[in-house]
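Residue-level structural notes
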Amino acid sequence: MTRFRLRPALAALAATLLLAPAARAQDAGQLNVICSVQAEWCNMIQTVFARTTGVKINLSLKGSGEALAQLIAERANPKTDVWFGGTGDPHLQAAEQGLSLEYKSPALPQLHAWAQQQASQSGYRTVGNYSGPLGFGYNTELIAKKKLPVPRSWADLLNPAYKGEIQVANPASSGTAYTMVATLVQLMGEEKAFDYMKALHKNIAQYTRSGTGPIKAVARGESTVSISFVHDGPGEAMQGFPVATVTPSEGTGAEIGSMSIIKGARNLENAKKFYEWALTPQAQQFGAAAKQFQLPSNKATPVDPRVPNFKQIRFINYDYAKYGASTERKRLIARWEKDVNSLPR
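Parameters and conventions
Residues numbered from 1 in each chain as written. Predicted model: local features only at pLDDT ≥ 70, side-chain atom pairs only at ≥ 80, totals over all residues. Heavy atoms only, no water. Helix = DSSP H or I, 4+ residues; strand = E, 2+ residues; numbered from the N terminus. Buried < 20%, exposed > 50% of the residue type's maximum accessible area, 1.4 Å probe, protein only. Polar contact = N/O pair within 3.5 Å; in protein donor to acceptor, adjacent residues only side chain to side chain. Contact = heavy atoms within 4.5 Å. pLDDT = per-residue confidence, 0-100. Core = buried A, V, L, I, M, F, W, Y, C linked by side-chain atoms within 4.5 Å. Pairing = 2+ DSSP bridges. Right-handed = clockwise from strand over helix to strand, strands pointing away. Axes fitted to C-alpha atoms, helices over the stretch in contact; angles between N-to-C directions. Parallel < 35°, antiparallel > 145°, perpendicular 65-115°, else oblique. Left-handed = near helix turned anticlockwise from the far one by under 90°. Nonpolar A, V, L, I, M, F, W, Y, C, P; charged D, E, K, R; others polar. Salt bridge = Lys/Arg side-chain N within 4 Å of Asp/Glu carboxyl O.

1. A word on the side chain of threonine 224
Examined against the element boundaries, threonine 224 turns out to sit in the loop between α10 (213-219) and β7 (225-229). In this structure threonine 224 comes out as buried when scored by relative accessible area, which is 0%. Among the polar contacts made by the side chain of threonine 224, one reaches the side chain of glutamate 165 at a distance of 2.5 Å. Leaving out residues up to four positions away in the same chain, threonine 224 has contacts with Gly137, Tyr138, Asn139, Leu142, Ile143, Lys146, Leu148, Glu165 and Val218.

The structure is reproduced here in structure tokens:
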């Protein structure tokens, strides 16, 4: 991985592309995109793609769960052409349900193995666009003030000293939290994982709806520790918040943020054009430009130094096909609601 400071280079790249003469929009047509990454990133790709191709993007910002629900509702009359970003599990569910189109990109050999595997497991109905590891965020000032240890393992989070100090999202609404449940089940075995989550429940102050909610609460001093994707930490730190991150020593999982062309897309050629563009090193740099620090899937994309170093993280062998399946996801979430969320704290 090539690592260097990208911000000035990215600013120059964006400026160059934005100043480039646009193709005639009436000739290039339009594209309907559901975007499940942060708004700044969505708006950047919308603007740059339109300026460089002349294709007008009609953008809808939705979380991955909401996006999947919309695609299911529109199944008989699809209004979306491309779904960009969001955790890979719902993309795999869309593939499983025949909502996305089989499309094998010529760019696949240029991608990391985990991105190619995501494509293969889905029958080439989705592809990995970026990846980010699950871990912990913590407020450095609160940790010091409350004389709490920095959590460095899943086991550490069960320390009674953390009672009421931890936030995590609800897996029924958050891909981040479902990744946690699936990670623990694969790491510990299902029964031990649920015993662990029952014990952890005593230390949880709040289950948020959004996966980014806990680390934002940590950044603003509303909570001490979060279970979250660690790539969300640097963006908060860049805003001056006292946030640091760590990945658990026993091992962890990672999201594979994905991209899918919707079956029945009305603007199919433009959808393919966007899909190929989004897999290029140039387009994949806009994540870091928008202060999002996942690892891009194209091996030639320069990597911002704030992106977690995957070589220094202990990953489990996460089974994306099994835990991305609708039946397994529904089963685990239902068990979590019954066995964990129903308990008093």
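Now that the structure is up, let's keep going.
2. Description of the confidence of the model for the protein
A residue-level look at the protein finds 92% of positions with pLDDT of 70 or above and a mean pLDDT of 91. In the model, residues 16-26 has pLDDT below 50 throughout and makes 17 contacts with residues more than four positions away in sequence or in other chains.

3. Considerations on the nonpolar core
If you look at the biggest cluster of nonpolar residues, it comprises 81 residues, and the most contacted ones within it are Phe84, Ile227 and Phe274. The next biggest cluster of nonpolar side chains, apart from the first, holds eight residues, and it includes Ala67, Leu68, Leu99 and Ile262.

4. Observations regarding unusual backbone geometry
With phi around 55°, lysine 147 is a residue other than glycine that occupies positive phi space. Position of lysine 147 relative to the elements: it lies in the loop between α7 (140-145) and β5 (166-169). For lysine 147, a relative accessible area of 72% gives the class exposed. A positive phi angle, near 65°, is found at lysine 291, a position not held by glycine. If you trace the backbone, lysine 291 turns up in the loop between α14 (286-289) and β10 (295-296). Residue lysine 291 is classed as partly exposed on the basis of its relative accessible area, which comes to 28%.

5. What to know about the pairing of strand β2 (residues 56-61)
For a regular strand, side-chain orientation follows a simple rule: the groups alternate between the two sheet faces. Pairing of strand β1 (residues 30-35) with β2 involves six bridges; the strand directions are parallel. Bridge pairing links valine 33 to leucine 59 in β2. After leaving β1, the chain enters helix α3 (residues 39-53) and then returns to the sheet as β2, a path that is right-handed.

6. A word on the environment of valine 307
Mapped onto the elements, valine 307 comes out in the loop between β10 and α15 (320-323). We classify valine 307 as buried; its relative accessible area is 4%. C-alpha separation for the pair valine 307 and leucine 61, spaced 246 residues apart in sequence, amounts to 24 Å.

7. With respect to the packing of helix α9 (residues 190-201) against helix α16 (residues 326-341)
Running from N to C, α9 and α16 cross one another at 45°; their axes reach a closest spacing of 10 Å. One finds that α9 runs oblique with respect to α16. For the pair α9 and α16, the sense of crossing is right-handed. Facing α9, whose interface residues are Glu190, Glu191, Phe194, Met197, Lys198 and His201, α16 presents Arg331, Leu332, Arg335, Trp336, Asp339, Val340 and Asn341. Looking at the contact of α9 with α16 residue by residue, the classes come out as five nonpolar, two polar and six charged.

8. So, the pattern of salt bridges
Under the defined criterion, the tally for this structure stands at twelve salt bridges. A salt bridge links glutamate 190 to arginine 331, with the shortest nitrogen-to-oxygen separation between them at 2.8 Å. Of this pair, glutamate 190 sits in helix α9 while arginine 331 sits in helix α16; the two residues are 141 residues apart in sequence, bridging distant segments of the chain. For arginine 331, a relative accessible area of 36% gives the class partly exposed. With a shortest N-O distance of 2.9 Å, aspartate 304 and arginine 306 are connected by a salt bridge. Several salt bridges share partner residues, and in doing so they unite Glu190, Glu191, Glu328, Arg331, Arg335, Lys338 and Asp339 into one network.

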